[in-house]
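Chains, contacts and geometry: an overview
Each chain, written out:
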Amino acid sequence: MFNGSYKAQGWGHDKSGNTCAVEDCDGKTMRDERGDDVFPCDCNFKICRDCYYDALNGAGRCPGCKDEYRHQDHEAADAGSGDEDRVGNLPERRPKYGNADSGKMERRLSLLNKPTMLTQQQQKSNEQNFDHARWLYETKGTYGYGNALWPKDDSYMGGDGGGGGSMGGPPQPIFQEKNRKPLTRKLAIPAGVISPYRFLALLRFVVLGFFLAWRIQNPNKDALWLWGMSVVCEIWFAFSWILDQLPKLFPVNRSTDLAVLKERFESVSPENPRGRSDLPGMDVFVSSADPEKEPPLVTGNTIFSILAAEYPVEKLACYLSDDGGALLSFEALAETATFARVWVPFCRKHAIEPRNPESYFLQRGDPTKGKKRLDFVKDRRRVKREYDEFKVRVNGLNEAIRRRSDAYNAHDEIRAKRAQMESGGDLSQPLQVAKATWMSDGTHWPGTWTVSSKEHGRGDHAGIIQVMLAPPGNDPIYGSNDEENLIDTTDIDIRLPMLVYVSREKRPGYDHNKKAGAMNALVRTSAVMSNGPFILNLDCDHYIYNSLAMREAICFMMDRGGDRICYVQFPQRFEGVDPSDRYANRNTVFFDVNMRALDGLQGPVYVGTGCCFRRTALYGIDPPRVPKDHTFWNACCGGDKKKNRKLKKKKNRRSGIEKTNLNAAAGLEEDDEDGEILDSRGLLPKQYGASMAFVESIAAAEFAGKPLADQGITNGRPPGSLTGPREPLDAATVAEAINVISCFYEDKTEWGDRVGWIYGSVTEDVVTGFRMHNRGWKSIYCVTKRDAFRGTAPINLTDRLHQVLRWATGSVEIFFSKNNAIFANSHMKILQRIAYLNVGVYPFTSIFLIVYCFLPALSLFSGQFIVQTLNVTFLVYLLTISVCLCSLAILEVKWSGITLEEWWRNEQFWVIGGTSAHLAAVIQGLLKVIAGVEISFTLTTKSGGDEVDDEFADLYVVKWTALMIPPITIMLVNMIAIAVAISRTLYSTIPQWSKLVGGVFFSIWVLTHMYPFAKGLMGRRGRTPTIVYVWSGLLAIVISLLWVTISPPANSTIGSAGGGFEFP
């Protein structure tokens, strides 16, 4: 037998050294941890571990001296002799095997025994002649213990010298490899892309500095006015570019692992024996204001995509906010709830994507691709027919409501006339009968009537809450194959999430704060009725395109460090946009470049829709851990330690007050010596209002929004804590929900100031996100492989300009308010502060942009240029700056995934919007600040998808607006200037071609950026509106007269005696 020696001669039965002395055994004697031989008997008989086990399980006597082993009776230990160390190193008795010989052979050939530890001298000798494979096979090797292989024995002692004692290990544990696997990952941009990008940004910054210094030091003395305007504009453009570029230096990508989420929250475990979902609740808000501009079919399809989303049914609730209080929206939602009983099981049965029926049935391609169930075609045909009938019913609701109301009103008039006759009144007097709007059950609609009257107008109606679909139970309810069912729903869960209609109360004399007020009403209503710790906010035309989108957001919220995330923002993707994206409706540069870059800082800005909020972050509560201060002083010099300690103490005190408030809301008692903290419990009604049901929901939402307790997660909630059933809705709960949407509930509270959506701006979304970041919260940008949400965008030029006008007006309001990033506190990162500063500053660029767009024309008219001569220095600077800009654009395309065409469309519309809507926004903002003129905006019209013949018919519709005047003027002036300059140069005795080339080049640059605007004015067939011709003629006459006045022809004097033209 091979004895493990490195020498090839090491064969045979060698009874000397450390070999077992039992006959026919070649095992190694037992050794302790120090490598010394262990003798179980006083006779020092050498024995291996296996033979020792056989002796113990047999007669219990030593094979050498035939005496009983003293270890069995623990005599040595009782005697307190020096044999305690020897006895303690002996293995415990092992259970007997059925067959001693076979058991012995199995033990000898087992790979679970430790191999012999070779000495250092043996390792150095004859290594080339050693057969490792043969040595491992014929000796007692081991793999140890772990999740790859766990020993079946409860002992791990190496009898051949690997170790001298029994470990007595525990039984095999349950190895959960994914238990601590992260739910999300941050993917850095490759260094080969981001490093050159940062270098080019730095290079352009340096070149801009040298260029501006050169421009200031080399004025054009022949045209100082032209030089001065150009230098001022260029300095502002450089400042604006720096504000835009600095936050782009640290872009990141992120990914999620939905399999880990399912295993961690929805699998069977000791804490969750039934495998119920332990995911937190999700409340989805859908906002709508006017059913005329936001068709009920569009809203209904959004509701369908929510109800059919892949999220636990019992954890999902949908709330529709109808801020107009229209009966049309109410009855359309009732029809939606009816068809959802067919649509949602169909989506679950056949894994339909997308789960918006309108988009699904209009998809191009083979609908059977990937479908394996034989009844799919039959089910799809039946559901399609049912959906068409649903659309017809919804389209006819307006007429049905009108006819019903006319019939009921006529009946009321007849009864009033009869009562007048019976009372003997004057029949000539007209009857005072209100033209009410009637519901189908014969009662007055409590909301807005078609013919407005007192307490039934758009700004004067009662609050309404109607539960269209009741909250489901915890256990699945499976369908059947009854003939009454449209499709076979056997083994399909037919439960539907809770669906609630909400229209807040409106009364004259109250400021209802537009969309922000409606969203805050939904926050309070949902807190009382369902209290999901997370809120998904969607516009009525933004539907869920990826049914797993909510799970993607929850991955970030439930991951390590997720308790500091206030919201997860998804990019906006649009349908129905023309293929060329003429007016940059998709905003890909903003959503794929700027937002990814902000994700590498403190997080993206909130853009109004497609955002999943943490409910407690909306309540004005600070993040769970005090964030680090971010100031220029701290970044450079470490800051003032004494001041930092004071600020930290103040923050901890504020955090203690909020913690006490939450405990008070939960009904917990807290003994504090500081009476001021105890008195702070009275802050709850001042902050959130007088509803105790709402106050009590705050602590519950905060607890349910915590990640699961695990290593590295502080203040986590225990697993399985959210698997219980939801509390049923009762009349008292609904009554309390109606109370919190009353128009006077927010009086003397912090709603709209620190709590909820922030008031005071038409862009309440940006301000709300800014306040959260200012408190130290972080946000996440989640870009999924399949678009999470899709919506519609205005493709008409006028609608697009009005949309940009509203955004820019909100930015001007932010700049002149306390929400200006200049006043941000130290919790906000410096680059994040610069990004928010740019949000408020960018509309003011329009002033300098308009001036710069007129400069080429002025240069051509005057025969001068912004520089003295087109020398080499100017051209080198210009070329370097342009090349750097183009290179930065190429690298942005590389790391963001957009195309160069999309980047160029964005540049074009930046000039179009900057010379039209942005300028109007600055004027409106200044009027509001100086004169107090309130700003109103027009609701963007949503397409109902009825024009199937021409999907882009709205693109060619020309709607005149005053916003078109500045761009038209710029185009006409530059075209006239080019014609005048070329004519003058051709007929000049000393032509100045350098100045002509410079002016014409910049004029063409302006006209190239204006090309989409000019194309939009032409309409479908290239017909220019009459107003354009009229404006062109007037402008040409004015320019000609001004030019003749400023530069009269030679040998003529304007206004001289004997004739000539003279201005009055």
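Residues numbered from 1 in each chain as written. Predicted model: local features only at pLDDT ≥ 70, side-chain atom pairs only at ≥ 80, totals over all residues. Heavy atoms only, no water.

So, the overall build of the protein chain
Scanning the protein chain from terminus to terminus reveals 35 helices and 13 strands. Burial analysis of the protein chain (1064 residues in total) assigns 49% to the buried set. At a minimum sequence separation of 6, the contacts of the protein chain that also span at least 24 residues come to 77%. For the protein chain, the computed accessible surface area is about 51800 Å², with 56% contributed by carbon and sulfur atoms. (Helix = DSSP H or I, 4+ residues; strand = E, 2+ residues; numbered from the N terminus. Buried < 20%, exposed > 50% of the residue type's maximum accessible area, 1.4 Å probe, protein only. Contact = heavy atoms within 4.5 Å. Areas by Shrake-Rupley, 256 points an atom, 1.4 Å probe, with all protein chains shown as cover.)

A short note on the nonpolar core
Ranked by size, the top nonpolar core spans 99 residues in total, and within it Tyr319, Phe613, Tyr619, Tyr688 and Phe694 carry the most contacts. Setting aside residues up to four positions removed in sequence, tyrosine 688 forms contacts with Tyr619, Ile621, Phe694, Ile698, Tyr745, Thr749, Trp751 and Val755. Ala332, Val344, Val568 and Cys782 belong to the second-largest nonpolar core, a separate cluster that totals 76 residues. (Core = buried A, V, L, I, M, F, W, Y, C linked by side-chain atoms within 4.5 Å.)

Details of the packing of helix α28 (residues 845-862) against helix α32 (residues 965-986)
Between two packed helices, the angle of one axis relative to the other and the distance separating the axes together describe the packing. Their axes nearest at 8 Å, the elements α28 and α32 cross at an angle of 25°. Classified by the angle between their axes, α28 and α32 sit roughly parallel to one another. At the point where α28 passes α32, the crossing takes the left-handed sense. Taken together, the residues of α32 that come into contact with α28 (itself represented by Cys853, Phe854, Pro856, Ala857, Leu860, Phe861 and Ser862) are Thr969, Ile970, Val973, Asn974, Ile976, Ala977, Ile978, Val980, Ala981 and Arg984. (Axes fitted to C-alpha atoms, helices over the stretch in contact; angles between N-to-C directions. Parallel < 35°, antiparallel > 145°, perpendicular 65-115°, else oblique. Left-handed = near helix turned anticlockwise from the far one by under 90°.)

Quick notes on a nonpolar patch on the surface
A cluster of nonpolar side chains, namely Ile982, Leu986, Tyr987, Trp993 and Val997, defines an oily patch on the protein surface of about 590 Å² accessible area. When contributions to the nonpolar patch are tallied by element, the ones reaching two or more residues are α32 and α33 (993-1009). For tyrosine 987, the location among the structural elements is in the loop between α32 and α33. (Patch = residues over 30% accessible without salt bridge, like charges linked within 9 Å, V, L, I, M, F, W, Y side chains within 5 Å. Salt bridge = Lys/Arg side-chain N within 4 Å of Asp/Glu carboxyl O.)

Here's the deal with the pairing of strand β13 (residues 789-792)
Note on strand geometry: in a regular strand, side chains alternate between the two faces of the sheet. Across the two faces of β13 the burial differs, with Phe789 and Gly791 buried and Arg790 and Thr792 not buried at all. Summarising the sheet, strand β8 (residues 543-544) and β13 pair through 2 bridges and their orientation is antiparallel. Bridged to tyrosine 543 within β13 is arginine 790. In this sheet, β13 lies alongside strand β10 (residues 574-575) in parallel orientation, the contact comprising 2 bridges. Pairing of glutamate 575 across the sheet is with threonine 792, part of β13. (Pairing = 2+ DSSP bridges.)

Re the sheet that holds strand β7 (residues 534-539)
Sheet architecture is open: 8 strands sit in the order β5-β6-β4-β3-β7-β11-β9-β12, paired in mixed fashion. Among the strands making up the open sheet, the edge pair consists of β5 (464-469) and β12 (778-781). In this sheet, adjacent strand axes meet at a mean angle of 20° when their direction is disregarded. Along the sheet, helix α25 (residues 764-774) contacts β9 (565-569), β11 (611-614) and β12; its crossing angle with β9, the most-contacted strand, is approximately 140°.

Here's the deal with the sheet that holds β13
Within the open sheet, the 3 strands sit side by side as β8-β13-β10. Their pairing is mixed. The sheet is open, and its two borders are formed by β8 and β10, each paired with just one other strand.

A short note on the packing of helix α7 (residues 191-217) against helix α29 (residues 872-896)
As a packed pair, α7 and α29 sit with axes 9 Å apart at the nearest point and diverge in direction by 155°. By the angle between their directions, the pair α7 and α29 is classed as roughly antiparallel. Seen along the crossing, α7 lies across α29 with a hand that is left-handed. Grouping the constituent residues of the contact of α7 with α29 by class yields 19 nonpolar, 3 polar and 3 charged. (Nonpolar A, V, L, I, M, F, W, Y, C, P; charged D, E, K, R; others polar.)

Side note on the environment of cysteine 612
Mapping cysteine 612 onto the fold places it in strand β11. For the pair cysteine 612 and tyrosine 567, spaced 45 residues apart in sequence, the C-alpha to C-alpha distance is 5.3 Å. Ignoring anything within four residues of it in the chain, the contact list for cysteine 612 reads Met282, Phe534, Ile535, Leu536, Ala553, Met557, Cys566, Tyr567 and Val568.

So, helix α1 (residues 49-57)
The element α1 is largely enclosed, with a buried count of 8 among its 9 residues. For α1, the set of buried residues is Arg49, Asp50, Cys51, Tyr52, Tyr53, Ala55, Leu56 and Asn57.

Comments concerning the pattern of salt bridges
Per the counting criterion, the structure on display carries 42 salt bridges. Note that arginine 403 is salt-bridged to glutamate 399, the shortest N-O span being 3.1 Å. Placement of both arginine 403 and glutamate 399 in helix α14 (residues 397-423) is noted, with a separation of 4 residues, approximately one turn of the helix. For the salt bridge of glutamate 413 with lysine 435, the shortest nitrogen-to-oxygen distance reads 2.6 Å. A residue pair is termed long-range when its members are at least 10 positions apart, and glutamate 413 in helix α14 and lysine 435 in the loop between α14 and β5 qualify at 22 residues. By relative accessible area, lysine 435 is classed as partly exposed at 41%. One network of salt bridges, in which partners are shared, links Arg573, Glu575, Asp592, Asp787 and Arg790.

Examining the packing of aromatic side chains
Under the definition given, this model contains 46 aromatic pairs. Ring centres 5.7 Å apart and planes at 45° place the aromatic pair phenylalanine 339 and tyrosine 387 in the tilted group. Residue phenylalanine 339 is found in helix α11 (residues 327-350), and its partner tyrosine 387 is found in helix α13 (residues 376-395); the two are separated by 48 residues along the sequence. Each member of the pair phenylalanine 339 and tyrosine 387 is classed as buried. Judged by centre distance (5.2 Å) and plane angle (90°), the rings of phenylalanine 815 and phenylalanine 816 are edge-to-face. The structure contains a cluster of three or more aromatic residues connected by ring pairs, namely Phe304, Phe339, Trp343, Phe346, Tyr360, Phe361, Phe376, Tyr387 and Phe390. Here the basic side chain of arginine 786 rests over the ring of tyrosine 545, its NZ or CZ set 4.0 Å away from the ring centre. The ring of tyrosine 545 carries the charged tip of arginine 790 above its face, separated from the ring centre by 3.9 Å. (Phe/Tyr/Trp six-rings, centres within 6.5 Å; stacked < 30°, edge-to-face > 60°. Lys NZ or Arg CZ within 6 Å of the ring centre and 35° of its normal.)

Quick word on the confidence of the model for the protein chain
A residue-level look at the protein chain finds 77% of positions with pLDDT of 70 or above and a mean pLDDT of 81. Per-residue pLDDT stays below 50 along residues 94-126; that stretch engages in 59 contacts with residues further than four places along the chain or on separate chains. In this model residues 664-681 is a low-confidence stretch, pLDDT under 50, and it forms 24 contacts with partners more than four residues away in sequence or in other chains. (pLDDT = per-residue confidence, 0-100.)

Considerations on helix α23 (residues 692-704)
Taking 1.5 Å per residue as the helical rise, α23 with its 13 residues ought to reach 18 Å, and the 19 Å between its terminal C-alpha atoms agrees with that figure. Looking only at α23, the buried set comprises Phe694, Val695, Ser697, Ile698, Ala699, Ala701 and Ala704. (Expected span 1.5 Å × (residues − 1).)

Observations regarding the pairing of strand β3 (residues 282-288)
The buried fraction of β3 is high, at 7 of 7 residues. With burial as the criterion, each face of β3 is covered, one bearing Met282, Val284, Val286 and Ser288 and the other bearing Asp283, Phe285 and Ser287. Note that β3 and strand β4 (residues 316-322) share 7 bridges and pair parallel. Opposite aspartate 283, over in β4, you have alanine 317 as the bridge partner. At this point the chain moves from β3, through helix α10 (residues 296-307), to the parallel β4, and the crossover so formed is right-handed. Across 6 bridges, the pairing between β3 and β7 is parallel. Directly across from methionine 282, in β7, lies its bridge partner phenylalanine 534. (Right-handed = clockwise from strand over helix to strand, strands pointing away.)

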